[in-house]
Amino acid sequence: MTNTENYSPDHVAVVATAGLTLSVYRTAEFPDCSLDGITSRVARLTLVGTLDCTVYRSGFVYPAPASMRVVTPRDNAPAVALEINHAPFRKSATDEPAKRVHLTPVHWDTLASRYVRTHPWTMAGGNYATTSDSRLSELLEDVLGHTYGPLSVHDRVEH
């Protein structure tokens, strides 16, 4: 998925940094399994764009569609991107691989004037995020071809 909108250099930081607020869902029965991931500290996240890894593992985050750029990430609602990967299975050898999605932490790189992956490799920490805002459903429909439930947050990093 690419965002083909053109931005002037003066407006990139202002326009491309905004996103959509998501609520974090975590279990109350078990301790935090994210190893101090962002979802262990906050109740909200800000979806700022997509990270399409179906062709290659780029660190480039495409800005969220213009309709989703409504709030700026803050300390209590850090930035995440919708990471798109191929599912590890196919129905048959001739089928196109299915896509799967999850959320991954990103941060603003001031030198590149764009969001980049916070860690090169993350895994699921057991927490999820979603919103009732229909703009998320529309984005998922565009990316996957169908709607989706709460998104797994891959904020666990093992050192």
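Calculation criteria
- Residues numbered from 1 in each chain as written.
- Predicted model: local features only at pLDDT ≥ 70, side-chain atom pairs only at ≥ 80, totals over all residues.
- Heavy atoms only, no water.
- Phe/Tyr/Trp six-rings, centres within 6.5 Å; stacked < 30°, edge-to-face > 60°.
- Salt bridge = Lys/Arg side-chain N within 4 Å of Asp/Glu carboxyl O.
- Helix = DSSP H or I, 4+ residues; strand = E, 2+ residues; numbered from the N terminus.
- Buried < 20%, exposed > 50% of the residue type's maximum accessible area, 1.4 Å probe, protein only.
- Pairing = 2+ DSSP bridges.

Participant: Talk me through the packing of aromatic side chains; I want residue IDs and the actual numbers.
Facilitator: Using the criterion set out here, one finds one aromatic pair in the structure. Measuring from centroid to centroid gives 5.0 Å for Trp108 and Tyr115, while their planes differ by 80°, and the two rings are edge-to-face.

Participant: Can you break down the pattern of salt bridges residue by residue, with the values?
Facilitator: Per the stated rule, a full pass over the model turns up four salt bridges. With its nearest N and O atoms 3.1 Å apart, the salt bridge here joins Glu83 to Arg117. One end of the pair, Glu83, is in strand 4 (residues 79-86); the other, Arg117, is in strand 6 (residues 114-117), with 34 residues separating them in the sequence. Note on Glu83: relative accessible area 2%, which makes it buried. Residue classification places Arg117 among the buried positions, given a relative accessible area of 13%.

Participant: Help me get a handle on the pairing of strand 4, residues and values and all.
Facilitator: Most of strand 4 is tucked away: seven of the eight residues are buried. Judged from the six bridges that link them, strand 2 (residues 44-52) and strand 4 form a sheet pairing that is parallel. What sits directly across from Gly49, in strand 4, is Ala81. As defined by bridge partners, strand 4 adjoins strand 5 (residues 99-109) across seven bridges and the pair is classed as antiparallel. Bridge pairing in strand 5 links His86 to Lys99.

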